[in-house]
There are 2 protein chains.
Amino acid sequence: MNEFDYIEKYLKPLTSNIARNLKDDAAIFKQKSNYDLVISTDTLAEGIHFFGHENPKDIAKKSLRVNLSDMAAMGAKPIFYNLSISIPKKKAKNFIEKFAKGLCEDQELFGIELIGGDLTSSLKDINITITIFGETLNKKSVTRDGAKSGDLLFVSGVLGLSKIGLDNFYSKSKKFDSAKKKYLLPEPRVNLGLAINKIANSMIDISDGLVQDACHLAKNSNLTIVLDIEKVPLPSFINLKKDLLLDAALYGGDDYELLFSCRPNYEKALKNISNEKGIDLTHIGFFQDFHEDYIKLKNYNHSYKKKSYLHF
Amino acid sequence: MNEFDYIEKYLKPLTSNIARNLKDDAAIFKQKSNYDLVISTDTLAEGIHFFGHENPKDIAKKSLRVNLSDMAAMGAKPIFYNLSISIPKKKAKNFIEKFAKGLCEDQELFGIELIGGDLTSSLKDINITITIFGETLNKKSVTRDGAKSGDLLFVSGVLGLSKIGLDNFYSKSKKFDSAKKKYLLPEPRVNLGLAINKIANSMIDISDGLVQDACHLAKNSNLTIVLDIEKVPLPSFINLKKDLLLDAALYGGDDYELLFSCRPNYEKALKNISNEKGIDLTHIGFFQDFHEDYIKLKNYNHSYKKKSYLHF
């Protein structure tokens, strides 16, 4: 099979009208004046973001979900996506069919469709780039710079689970199953993002660890976050020390939970949304006028701040 | 330098308002009802689409230009683009600064800006994915399926030059300079695409050789193209056999010239546009009702049809 066969057989069935059956040089999207289009790109590189021996279905889902998480963080409704895969000739046959199956399942789950992209060979490693598109009404995206002094800091779910899953990926103990699953298949908080997009005045998804991503919020609003370590929601694992869990939560990556600020009077509304969606929303800190550092860790018994993952 | 430093120093200066200084999880684009947004993606993989030892400035320009060529083929005005680079840690320092310089120069030349993307490490090879965005008034994109029986087939510039450049990339003879330049830095026909978008009723850019790309036009309009080999515009090279030049034109890649159909009464208007833009527009064939093959080669003295480049 050549690239046209792969596209025809596995990718065309995933496309929307905008893709016009992938027969043109580009997709054509009719604009609507009362909406903003929200656009984001995430790449997954073999050996960096995934091992390569995972089921291609799961790699597909993770590729989509890290992008969906960006839409969640903007409070935007995801509508379609663009996909580029570079893959060595030898790997293509076994990979593309299963990869497309994974896309198909998650497309249905999240209500999105493919609009185009590129399929090329590569020398050695697989590289997957997805550009995702979402919509909000004009000026209703939640950015990273809207927090005010006195605002509360909330986070969804539990933190560090994905890092525990990665660190114990080859463990045969069943106690790591949920953690490994969270690492392989993050749950982008798309519905939560939509539910709180009138409440949150700044928001980010946690992909690089709580401390680094909280810093982004503080820095963009030019404020200091006081983060109460004792309030950080951790997963429970028998036999794992609390310090290790905390380390995973603060500096581990791939959690894809939402971290956001809001005025103090929204606490009750958030409790209702939390109950309705079945997702924990935990008040873990607050914003104050900038002083010395973007982030202060309260109740933290270490003298150091570790670095989160950096590519370079 | 980590990825945030690279982004801050080299990529942020390239961005438009839509990127909001690259500080959010996504870019925000205000839609306009009377326009269509035209979206296309092309990836360049090291060792496949480029050697890797070229000047990173030229790699940047080629990455942009192959994408700009897709906008030209749609008759769309390019407005902004999204960029993802995966690059091994060791190569980043020497590459990114020069790469950004190349983007900067071509942004000015083509009037486009960066809106976002991703920068990650990779294990071994560089992978560059650009998604480009253009605009047309509603329903004014030129697609690949609008040709009618009796239409004429035109092509811009000369064909095969880029393939000659690639085949003689390591030659020290000056006679290949223009060919090597065309291979390294294709000239996307953006202004031509805009000038003929009311005349062309189907269009494609030639990236995979004239025969394969002409087939796409014929197939999508369900017609047969009769292509007169003697009319195909070839570059002139002393000492290179005509057969070799013709082979490069028919089956070589990377020409990025525009191939389009139009009603016969537009021949004079095209001559005026050709004179005005200083770009040859050559009438190389016509469309007829589908019969047996999508493409018939007239005056072709070979019994075979070679295959154009396929990735898999």
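The preceding data block contains the structure.
Since we're looking at a predicted model, the values are computed, not measured.

### A few points about helix H3 (residues 89-110) of chain B
Residues and elements named next belong to chain B. Taking 1.5 Å per residue as the helical rise, H3 with its 22 residues ought to reach 32 Å, and the 31 Å between its terminal C-alpha atoms agrees with that figure. If you look at H3, its biggest bend is around 45 degrees, right at Phe95. Those residues of H3 hidden inside the fold are in contact with helix H1 (3-11), helix H2 (56-74), strand E3 (77-87), strand E4 (113-121) and strand E5 (127-137). At the exit of H3 stands Gly111, carrying a positive phi of roughly 65 degrees.

### Points about the relation of the copies chain A and chain B
In this arrangement, two copies of a chain are superimposed by a rotation about an axis accompanied by a shift along the axis. In the superposition of chain A on chain B (RMSD 0.0 Å, axial shift 0.0 Å), the rotation amounts to 180 degrees. In the structure described here, the two chain copies are related by an operation that fits a two-fold rotation axis. Interface overlap between copies: 100% of the residues of chain A at the interface are likewise at the interface in chain B, consistent with a symmetric, same-surface contact.

### Let's talk about the nonpolar core
Ranked by size, the top nonpolar core spans 55 residues in total, and within it Tyr81(A), Leu83(A), Ile87(A), Phe99(A), Leu103(A), Ile128(A) and Phe260(A) carry the most contacts. Ranked by residues supplied to this core, first place goes to helix H2 (residues 56-73) of chain A with eight residues. Those residues in contact with Ile87(A) that lie beyond four places of it in its chain are Ala92(A), Phe95(A), Ile96(A), Leu119(A), Thr120(A), Ser121(A), Ser122(A), Ile126(A) and Phe312(B). In terms of nonpolar packing, the next biggest core, distinct from the first, is built from 54 residues, Ala92(B), Phe95(B), Met203(B) and Cys262(B) among them.

### Topic: the interface of chain A and chain B
Taken together, the contact pairs 74 residues of chain A with 74 residues of chain B. Roughly 5,900 Å² is buried in total at the junction of chain A and chain B, and carbon and sulfur atoms are behind 53% of that figure. Its largest share of buried area at the contact with chain B, chain A owes to Asp25(A), Gln31(A) and Phe312(A), together 17% of the area lost on that side. Our count for the contact surface shared by chain A and chain B stands at six salt bridges.

### Things to note about the environment of Tyr10(B)
Residues and elements named next belong to chain B. Relative to the elements of secondary structure, Tyr10 occurs in helix H1. Distance from Tyr10 to Asp254, taken between C-alpha atoms, is 28 Å for residues 244 residues apart in sequence. With near-sequence residues (within four places) excluded, Tyr10 lies in contact with Met1, Ile96, Glu97 and Ala100.

### Examining the packing of H2(A) against helix H3 (residues 89-110) of chain A
Residue and element names in this part refer to chain A. Here H2 crosses H3 at 45 degrees, and the two axes come no closer than 7 Å. Classified by the interaxial angle, the pair formed by H2 and H3 is oblique. In the crossing of H2 with H3, the sense of the turn from one axis to the other is right-handed. Taken together, the residues of H3 that come into contact with H2 (itself represented by Pro56, Lys57, Ile59, Ala60, Lys61, Ser63, Leu64, Arg65 and Leu68) are Asn94, Phe95, Lys98, Phe99, Lys101, Gly102, Leu103, Glu105, Asp106, Leu109 and Phe110. Its residues placed into classes, the contact of H2 with H3 shows ten nonpolar, three polar and seven charged.

### Thoughts on the packing of helix H1 (residues 3-11) of chain A against H3(A)
If you want to describe how two helices pack, look at the angle between their axes and the distance between the axes. Residues and elements named next belong to chain A. For the pair H1 and H3, the least separation of the axes is 10 Å and the interaxial angle reads 30 degrees. Considered as vectors, H1 and H3 are oriented roughly parallel to each other. You can see that H1 and H3 cross each other, and the crossing is right-handed. Between H1 and H3, the residues in contact are Tyr6, Tyr10 and Leu11 and Ala92, Lys93, Ile96, Glu97, Ala100 and Leu103, respectively. When the residues that make up the contact of H1 with H3 are grouped by side-chain class, the tally is seven nonpolar, no polar and two charged.

### Concerning the environment of Ile273(B)
All names here are of chain B. Here Ile273 lies in helix H9 (residues 267-277). Residue Ile273 is classed as buried on the basis of its relative accessible area of 11%. Here the alpha-carbon distance between Ile273 and Thr120, two residues 153 residues apart in the chain, equals 44 Å.

### Thoughts on the environment of Ile273(A)
Sequence separation between Ile273(A) and Val232(A) is 41 residues, and the spatial gap between their C-alpha atoms is 19 Å. In this view, Ile273(A) contacts Leu192(A), Ala195(A), Ile196(A), Ile199(A) and Leu281(A); residues no more than four positions away in its chain are not counted.

Reading the values: rules and limits
Residues numbered from 1 in each chain as written. Chains lettered and ligands numbered in written order. Predicted model: local features only at pLDDT ≥ 70, side-chain atom pairs only at ≥ 80, totals over all residues. Heavy atoms only, no water. Helix = DSSP H or I, 4+ residues; strand = E, 2+ residues; numbered from the N terminus. Expected span 1.5 Å × (residues − 1). Bend = angle between axes of the 7 residues up to and from the residue. Contact = heavy atoms within 4.5 Å. Least-squares fit on C-alpha atoms with pLDDT ≥ 70 in both. Core = buried A, V, L, I, M, F, W, Y, C linked by side-chain atoms within 4.5 Å. Buried < 20%, exposed > 50% of the residue type's maximum accessible area, 1.4 Å probe, protein only. Buried area = accessible area lost by both parts, 1.4 Å probe. Salt bridge = Lys/Arg side-chain N within 4 Å of Asp/Glu carboxyl O. Axes fitted to C-alpha atoms, helices over the stretch in contact; angles between N-to-C directions. Parallel < 35°, antiparallel > 145°, perpendicular 65-115°, else oblique. Left-handed = near helix turned anticlockwise from the far one by under 90°. Nonpolar A, V, L, I, M, F, W, Y, C, P; charged D, E, K, R; others polar.

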